[in-house]
Amino acid sequence: QRQLCKGAFKPMEPAKTFDELKKQLEDCASCPLRKDCQAPVGWFGSLESPLMIVGEGPGGVEDDYGCPLIGPSGQLLDKYLFAIDLDRASNCYIANIVKCRPPKNRDPMQTEQDACIGFLRAQTKLIQPKIIVCLGRIAAMRLIRPDFKISREHGQFTEKGGILFTALYH
């Protein structure tokens, strides 16, 4: 049985609460990815966290369970978080650029990212993080800068709109 984390997707109008955002996500059919996934994968973690972690999109395990970053990459992330005394449930907020699984875990296309970016913007507005960590080049190129080079710039911080951004390898 599918276990759902709280979800979120592309708002038609700006969501003022996570409940509104969750409803918008559940109703979303803005791109073809929705028809091939079990359900949108919205977010997991503390809604008061100063740290937001953003991956590119759900994989097979995430699609099965409805939670972002719980597959092999997420398990590695949990080990790194534990090493610095952080925990995904209590002091992190985890989301993705796209909310539905791309076929065969391919990179999300620009049109798919465009369809979902409103949800991530709404999530960011509601969370008001102080730091956003982008996992991988897709998230970094979308959130930090289109010409971001993960191999050269990972771990470097950039400030945008009062938020510190950095990127790490996925």
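Preceding block: the structure.
This structure is a prediction, so every number in the text was calculated from the model and none was measured. (Residues numbered from 1 in each chain as written. Predicted model: local features only at pLDDT ≥ 70, side-chain atom pairs only at ≥ 80, totals over all residues. Heavy atoms only, no water.)

S.K.: A description of the state of the cysteines should follow, citing residues and the corresponding values.
M.R.: Tallied over the full model, the rule gives zero disulfides. Cysteine 28 carries a free sulfur, and the closest cysteine sulfur to it, the one in cysteine 116, is 6.0 Å from it. Cysteine 28 sits in the buried class, given a relative accessible area of 10%. Considering cysteine sulfurs only, cysteine 37 is the nearest to cysteine 100, which forms no disulfide, with 3.3 Å between them. (Disulfide = S-S within 2.5 Å. Buried < 20%, exposed > 50% of the residue type's maximum accessible area, 1.4 Å probe, protein only.)

S.K.: Explain the sheet that holds strand E2 (residues 51–55) to me, and be specific about the residues and the numbers.
M.R.: Spatial ordering of the open sheet is given by E1-E3-E2-E4-E6-E5, a layout of six strands whose pairing is mixed. Because the sheet does not close on itself, it has two edges, and the strands there are strand E1 (43–45) and strand E5 (158–160). Adjacent strand axes in the sheet meet at a mean angle of 25° when their direction is disregarded. Two strands pair when backbone bridges link them, and E2 and strand E4 (residues 131–135) are joined in this way by four bridges, in the parallel orientation. Bridging across to E4, leucine 51 finds its partner in isoleucine 131. (Pairing = 2+ DSSP bridges. Helix = DSSP H or I, 4+ residues; strand = E, 2+ residues; numbered from the N terminus. Axes fitted to C-alpha atoms, helices over the stretch in contact; angles between N-to-C directions.)

S.K.: How would you sum up the packing of helix H1 (residues 18–27) against helix H5 (residues 110–127)? Please name residues and give values.
M.R.: Helix packing for two helices is described by the angle between their axes and how far apart those axes are. Interhelical geometry of H1 versus H5 gives an angle of 170° and a closest axis separation of 11 Å. Relative to H5, the element H1 is oriented roughly antiparallel. Of the residues in H5, those touching H1 at Phe18, Leu21, Gln24 and Leu25 are Phe119, Ala122, Gln123, Leu126 and Ile127. Each residue belonging to the contact of H1 with H5 can be placed in one class, and the counts come to seven nonpolar, two polar and no charged. (Parallel < 35°, antiparallel > 145°, perpendicular 65-115°, else oblique. Contact = heavy atoms within 4.5 Å. Nonpolar A, V, L, I, M, F, W, Y, C, P; charged D, E, K, R; others polar.)

S.K.: Give a description of the pattern of salt bridges that names residues and reports values.
M.R.: Once the charged atoms of two side chains with opposite charge are near each other, the side chains can pair. In total, this model carries nine salt bridges according to the counting rule given. Ionic pairing is found between arginine 88 and aspartate 78, a salt bridge with its closest N-O pair at 2.8 Å. With arginine 88 in the loop between helix H4 (72–83) and strand E3 (93–96) and aspartate 78 in helix H4, the pair connects residues that are 10 residues apart, well separated along the chain. Across the salt bridge formed by aspartate 147 and arginine 145, the nearest N and O atoms sit 2.5 Å from each other. Of the residues examined, aspartate 147 reaches a relative accessible area of 45% and is grouped as partly exposed. Counted as one network, the salt bridges with shared partners bring together Arg145, Asp147 and Glu153. (Salt bridge = Lys/Arg side-chain N within 4 Å of Asp/Glu carboxyl O.)

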